[in-house]
Amino acid sequence: MIYLDHAATTRTAPEVVEAMLPYFTEYYGNAGGIYRLGSESKRALMRARETIAGTLGAEPNEIYFTSGGTESDNWALKAACEAYRGRGGHIVTSKIEHHAVLRTCEYLEKQGIAVTYLDVDADGLVDPERLKRAIRPDTILISVMYANNEIGTIQPIREIGEIAAERGILFHTDAVQAYGQLPIDAAGCHIDMLSASAHKFGGPKGVGFLYVGRKAKLRSFMHGGQQERGRRAGTENVAGIVGMEAAVQRAYRTMEEKAERETVLRDRLIERLLREIPDVRLNGHPTKRLPGNVNVSFAGVEGETVLIMLDMESICASSGSACASGSLDPSHVLRAVGLAPELAKGSLRLTIGEENTMEEIDTVAETLARIIRKIRETVI
Ligand SMILES: *Cc1c(COP(=O)(O)O)cnc(C)c1O
């Protein structure tokens, strides 16, 4: 099998599983317990919080453990609106956010919040000048993703953060695709809140965190016990959090080397697809893109058909966004970059990870050229 869907999820690294196991069977105590078994869990949570804070230049008490990216995004947006309602009721975000942000914004609109959805350019970039013009006196939050999950475009986060900071507006970034892949300078980029998810960087599913800087006021998300300083109640997912910490350590240890390797594989795949297949285009920015992201559109071809044929050759990929599969609507991201609906429907996302090899990339390029030729011959 050739797995090229790392933006959807990654394999949990064996050393991560290894780190987690004792927290199921040996150190299973509730971190809230006052007996020694509980304090081992408590210490594990403290260590994980320190490790993660360290990667962002943050303080441990600015890290809140959650169930993943979706929860972190929901919490950041809903809680910011609640805490700052007195100052205004306007959010600025982009048209290419993940559904965890977009659907939350739609929900908030029903609650009376006004939302501006910024257009992006043909490469998927948010224009900082356009952002400045969208800001109103009642704007309380800017939420722009660090890097896009479909087309891999990396946003000018530092500039966006500076604009937010100059105006005293809270800045949230969905960094689920970026955290663990790219170095992130939370303070330097004036990021007030940041969402991340362990399963996107070699950790287990169902665990993530929300970074909340000291400046930001934050309301509780889950009401109940005193976990997460009373802000997110519920017995902590200790094993999951330990696994996330192990994945963070691993990701930061290998980050540079991994990014370089994936960039070489990415550029090779893009180059071969563009050269060997007629009527194909690359979606997303040519260089400001995630190291492992390839997103292409084939004219006159259904992405779903390509996926099924790739699956028959044991190649896992995705058309548009994984969350969008199952519906035949062209992805909101590809629409926002101005792709014609027929081209958007013929789009394919191949996301490279650490296990992929040059040999696999060449196999995929050859297989795709053959599949696309076959589909086009059948259509005509
Ligand atoms: C995967 C993803 C999410 C959702 O994260 P989960 O942990 O799966 O809930 C949110 N935003 C982006 C950009 C993602 O890629």
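In this report, we go over the structure that sits alongside the text. Because the structure is predicted, anything quoted here is derived from the model rather than measured.

Structural notes on the sheet that holds strand β12 (residues 347–351)
The strands that make up a sheet pair up through hydrogen bonds in the backbone, lying either parallel or antiparallel. The antiparallel open sheet is built from three strands, whose spatial order is β9-β10-β12. Across the chains shown, the open sheet's two edge strands, defined by having one partner strand only, are β9 (280–282) and β12. Neighbour to neighbour, the strand axes of the sheet diverge by 25° on average, direction disregarded. The pairing of β9 with strand β10 (residues 293–298) spans three bridges and is antiparallel. Bridging from a neighbouring strand, Leu282 pairs with Val296 of β10. Lying on the sheet, helix α8 (residues 238–276) is in contact with β9, β10 and β12; it crosses β10 at an angle near 10°.

Details of the side chain of Asp362
The topology assignment puts Asp362 in helix α12 (residues 358–379). On the basis of relative accessibility, which here comes to 15%, the residue Asp362 falls in the buried class. Setting aside its immediate chain neighbours within four residues, Asp362 contacts Arg268 and Arg272.

Observations regarding the sheet that holds strand β8 (residues 208–212)
Pairing within the open sheet is mixed, and its seven strands lie in the order β2-β8-β7-β6-β5-β3-β4. Among the strands making up the open sheet, the edge pair consists of β2 (63–66) and β4 (114–118). Put simply, the sheet's adjacent strands are angled 20° from each other on average, direction ignored. Across three bridges, strand β6 (residues 170–174) lies against strand β7 (residues 193–197) in parallel orientation. Its bridge partner lying in β7, His172 is registered against Met193. Seen against the sheet, helix α5 (residues 99–110) touches β3 (90–94), β4, β5 (139–143) and β6 and runs at an angle of roughly 150° to β4. Its contacts with the sheet put helix α7 (residues 157–166) on β5 and β6, and the angle it makes with β6 is roughly 155°.

Brief notes about the packing of aromatic side chains
Scanning the entire structure with this criterion turns up six aromatic pairs. Between the aromatic rings of Tyr23 and Tyr27, the centroid separation amounts to 5.3 Å while the plane-to-plane angle is 55°, which identifies the pairing as tilted. Seen from their ring centres, Tyr179 and Tyr252 are 5.8 Å apart, and the 55° between their planes marks the pair as tilted. Taken together, the residues span a long stretch of sequence, with Tyr179 in the loop between β6 and β7 and Tyr252 in helix α8 at a distance of 73 residues. Through pairs of rings, three or more aromatic residues link up here, namely Tyr179, Phe201, Phe209 and Tyr252. When the ring centre of Tyr107 is taken as origin, the NZ or CZ atom of Lys78, which lies over that ring, is 5.0 Å away. A cation sits over an aromatic face here: Lys217 above Tyr84, 5.0 Å from the ring centre.

Observations concerning the nonpolar core
A general feature of soluble globular proteins is that nonpolar side chains tend to end up buried together. Counting 66 residues, the largest nonpolar core has Leu56, Ile142, Ile191 and Phe209 as its most contacted members. With nine residues, the top contributor of residues to this core is α8. Counting 30 residues, the second largest nonpolar core, distinct from the first, contains Leu273, Ile315, Ala365 and Ala369.

Observations concerning the site of the ligand
Thr70, Asp174, Gln177, Ser197 and Lys200 are the nearest of the 13 residues found near the ligand. Within the side chain of Lys200, an N or O atom sits 2.8 Å from an oxygen atom of the ligand. Its free accessible area being 380 Å², the ligand has 87% of it covered by the protein chains. Top element by residues in the shell around the ligand is helix α4 (residues 69–84). It accounts for three residues. Per-class residue counts for the shell around the ligand are two nonpolar, eight polar and three charged.

Cut-off values and rules
- Residues numbered from 1 in each chain as written.
- Predicted model: local features only at pLDDT ≥ 70, side-chain atom pairs only at ≥ 80, totals over all residues.
- Heavy atoms only, no water.
- Pairing = 2+ DSSP bridges.
- Helix = DSSP H or I, 4+ residues; strand = E, 2+ residues; numbered from the N terminus.
- Axes fitted to C-alpha atoms, helices over the stretch in contact; angles between N-to-C directions.
- Contact = heavy atoms within 4.5 Å.
- Buried < 20%, exposed > 50% of the residue type's maximum accessible area, 1.4 Å probe, protein only.
- Phe/Tyr/Trp six-rings, centres within 6.5 Å; stacked < 30°, edge-to-face > 60°.
- Lys NZ or Arg CZ within 6 Å of the ring centre and 35° of its normal.
- Core = buried A, V, L, I, M, F, W, Y, C linked by side-chain atoms within 4.5 Å.
- Near = heavy atom within 4 Å.
- Polar contact = N/O pair within 3.5 Å; in protein donor to acceptor, adjacent residues only side chain to side chain.
- Areas by Shrake-Rupley, 256 points an atom, 1.4 Å probe, with all protein chains shown as cover.
- Nonpolar A, V, L, I, M, F, W, Y, C, P; charged D, E, K, R; others polar.

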